[in-house]
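Inside the fold
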Amino acid sequence: MLCCSCDSPLRVRGDFGARAVDYRSRSSPAAATGFSLGCSRTDDFAPDRSQQTQHFVLFAFADAALEHGVIVPLNLVTPGFGVPIVWIMQNCQVPPLLSLAESVGATGQDLALAYVVGFETECRIGRGVHHHHYDKGWHPTATLGIFGTVAAAARILHMTVEQTAVALGMAASFASGLKANFGTMTKPFHAGYAARVGVLSAWMAKHGFTADENIFDGDNNFFSTYGGNDGTPLSATIDKLGQPWEMLEPGIYVKRWPCCYCNHRPVGGMLKLIAQHNIRADEVEAVEIGFLPGSDTALVSSDPHTGLEGKFSIEYNGAAVLLDGKLTLETFTDPMVQRPAIRDLMKKVKRYRIEAKGTFSGVVGYSDVMIATKRGRHELRIEHAPGSPE
């Protein structure tokens, strides 16, 4: 998708362009939302028709980024990434990048470079807040993803250093999303909102809007407000940029299945045991899955009744793997979660805590998996989820 060798202007197909044209032919999305930026009328910010048309298109792109940003984490048709904190980066960056790249006639190489800029920026900010951010209850896909969107958009829009600093400052005030909403419709909305506001922050900064240009240092900065004492200091974060590149080390963690990444390591272990020992669902007596402290924090549902809740349940994912032998988009629909056979199997899947010191996650650490059948016990310790760079 990132046609790095393409030298001709990039043409993005799909409904982004159509959505923009459709919105432009209607009343202004800016007016429909009240612009919400302190301007009494849209022409306060766009005094001539040409500029107004630009803003109509801006909001079309922003709204399209919102919709696609929501759809991506719901369906997870794109890879996810894991660095100091695990979060999905594609859904905040790819939708707005594709639309913005088309709007300015960017090449595939321009698009790829902007994506890398956003990727590295988001990862470095993630190191600044580190695990404390996630432990406090924030959802990094949104709270950090917004900065990746801004950085990528700034590159595509050829913004100055000063404009980019303003855009990051503006975005910091919109950084939001709580883990408490995992398993609900609001969780994927986090990513769509981050994508939308990231585009708006970049565009507004490019056209003269103001914000704190030093949002990552000084009093009440982003790191001290959203992070803790375990993060990388700002100076070190900047000095180590590109040493190494986060995209290469630790690399990209591809999500193989459309569910929370904390499921992936034990699911991978279960699939391996099932294949090695030809395990059938009807002979399973018990399943035990061991998690290191913190590595199943996001798996908030032990008895899910909806598809969204099922994404955050190892009990359901384990049962689905046993019964269906796979996890697909259909797995995480309400009827699939409510099947009598799956409800019975879920009762046999239990999780337990592995006592250990340290900070662990779906990327860091390991999982212990045991499947007991009428033929005996089958056990495995799995250290890396399928799709990880290790």
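Our subject is the structure that appears above.
Let me sum up the structure you'll find in this document. (Residues numbered from 1 in each chain as written. Predicted model: local features only at pLDDT ≥ 70, side-chain atom pairs only at ≥ 80, totals over all residues. Heavy atoms only, no water.)

**Digging into the sheet that holds strand β4 (residues 349-353)**
Pairing between sheet strands relies on hydrogen bonds along the backbone, with the strands arranged either parallel or antiparallel. Heads up, the condition is: Here, a strand pair is defined by DSSP locating no fewer than two bridges between the strands. Runs of E in the DSSP output that reach at least two residues are strands. Runs of H or I that reach at least four are helices, and both are numbered from the N terminus. All axes are obtained by fitting lines to C-alpha atoms, using only the stretch in contact for helices, and the reported angles, taken between N-to-C directions, cover 0 to 180 degrees.
What the four strands build is an open sheet, ordered β4-β3-β5-β6; its pairing is mixed. Looking along the sheet, the strands with just one partner apiece sit at the ends: β4 and β6 (376-382). Within this sheet the neighbouring strands show an average axis-to-axis angle of 15 degrees, counted without direction.

**Regarding unusual backbone geometry**
Put simply, the test is: Note on classification: 1.4 Å probe, protein chains only; a residue is buried when its accessible area is under 20% of the maximum for its type, exposed when over 50%, partly exposed between these limits.
Cis peptide bonds are those with omega within 30 degrees of zero, and the linkage from Gln-243 to Pro-244 qualifies with 0 degrees. Its location among the elements puts Pro-244 in the loop between α12 (234-239) and α13 (264-277). For the bond running from Glu-249 to Pro-250, omega is 15 degrees, close enough to zero to count as cis. Not every positive phi belongs to a glycine, and His-158 is a case in point at roughly 55 degrees. Inspection of the secondary structure puts His-158 in the loop between α8 (145-156) and α9 (161-172). Judged by relative accessible area, His-158 falls into the exposed class, the value being 64%.

**Some points on the pattern of salt bridges**
Oppositely charged side chains are able to pair whenever their charged atoms sit close together. The condition that has to hold: What counts as a salt bridge is simple: a side-chain nitrogen of Lys or Arg found within 4 Å of a carboxyl oxygen of Asp or Glu.
In total, this model carries 11 salt bridges according to the counting rule given. Its salt-bridge partner being Arg-381, residue Asp-368 comes within 2.7 Å of it at the nearest N-O pair. Within this pair, whereas Asp-368 is found in strand β5 (residues 367-373), its partner Arg-381 is found in strand β6, the two being separated by 13 residues in sequence. On the accessibility criterion, Arg-381 (46% relative accessible area) is partly exposed. What emerges from the salt-bridge pattern is a single network uniting Asp-296, Glu-315, Arg-351 and Arg-353.

**Here we look at the environment of Lys-187**
Inclusion rule: The criterion used for residue contact is that any of the two residues' heavy atoms lie within 4.5 Å.
Mapped onto the elements of the fold, Lys-187 is located in helix α10 (residues 186-206). Linking Lys-187 and Leu-308, residues 121 residues apart in sequence, is a C-alpha distance of 9.3 Å. Apart from residues lying up to four places away in sequence, Lys-187 is in contact with His-139, Asn-181, Phe-182 and Phe-312.

**Considering the environment of His-264**
Checked against the element boundaries, His-264 lands in helix α13. For His-264, a relative accessible area of 0% puts it in the buried group. Put simply, His-264 and Ser-367 are 103 residues apart on the chain and 9.9 Å apart in space, counted from C-alpha to C-alpha. The residues touching His-264, leaving out its near neighbours within four places in the chain, are Lys-255, Arg-256, Trp-257, Cys-259, Ala-385 and Pro-386.

**Quick notes on the side chain of Ser-367**
Counted only if it meets this: By the criterion applied in these results, polar contacts are pairs of N or O atoms within 3.5 Å in which, for protein atoms, one can donate a hydrogen and the other can accept it, and in which residues neighboring in sequence qualify only through two side-chain atoms.
Mapped onto the secondary structure, Ser-367 falls in strand β5. Accessibility expressed as a relative area gives 0% for Ser-367, which makes it buried. A polar contact is formed between the side chain of Ser-367 and the side chain of Arg-265, at a distance of 3.1 Å. Residues in contact with Ser-367, not counting those within four places in the same chain, are Arg-265, Pro-266, Gly-290, Phe-291, Leu-380, Arg-381 and Ile-382.

**Examining the packing of aromatic side chains**
Stated precisely, the cut-off is as follows: Stacked, edge-to-face and tilted are the three classes for Phe, Tyr and Trp ring pairs, Trp counted by its six-membered ring, which pair at centre distances within 6.5 Å; planes under 30 degrees apart are stacked, over 60 edge-to-face, the rest tilted. Here, a charge over a ring means that NZ of Lys or CZ of Arg falls within 6 Å of the ring centre while also lying within 35 degrees of the ring normal.
Enumeration over the complete set of coordinates arrives at 12 aromatic pairs. When the ring of Phe-222 is compared with that of Phe-223, the centres are 6.3 Å apart and the planes differ by 65 degrees; the resulting orientation is edge-to-face. On the accessibility criterion, Phe-222 (3% relative accessible area) is buried. A relative accessible area of 10% means that Phe-223 is categorised as buried. Members of the aromatic cluster, each reached through a chain of ring pairs, are Trp-138, Phe-147, Phe-216, Phe-222, Phe-223 and Tyr-226. Directly above the ring of Tyr-134 sits Lys-179, whose terminal nitrogen or CZ lies 3.7 Å from the centroid. A cation over an aromatic ring shows up here: Lys-187 above the ring of Phe-182, its NZ or CZ 5.9 Å from the ring centre.

**Some words on the nonpolar core**
Here is the rule we go by: We call a set of buried Ala, Val, Leu, Ile, Met, Phe, Trp, Tyr and Cys residues a nonpolar core when their side-chain atoms join them within 4.5 Å.
Of all hydrophobic cores here, the largest spans 43 residues; its most connected members are Phe-147, Ile-156, Phe-216 and Phe-222. Mapped by element, the contributors of at least two residues to this core are α5 (90-104), α6 (108-135), α8, α9, α10 and α11 (222-226). Setting aside residues no more than four positions away along its own chain, Phe-147 makes contact with Thr-121, Ile-125, Leu-168, Ala-171, Ala-172, Phe-216 and Phe-222. Counting 35 residues, the second largest nonpolar core, distinct from the first, contains Cys-259, Met-270, Tyr-316 and Met-336.

**Description of α6**
The criterion, for reference: Multiplying one less than the number of residues by 1.5 Å gives the expected span of a helix. A residue's bend is the angle separating two fitted axes: one through the seven residues that end there, the other through the seven that start there.
Helix length check: α6, at 28 residues, gives a terminal C-alpha distance of 38 Å against a target of 40 Å (1.5 Å per residue), a fit within 8%. Considering bend angle alone, the principal kink of α6 is centred on Val-129 and spans about 75 degrees. In the segment just after α6, Gly-137 is the residue with positive phi, at about 110 degrees.

Spatial relationships are all this shows, so hold off on functional conclusions.
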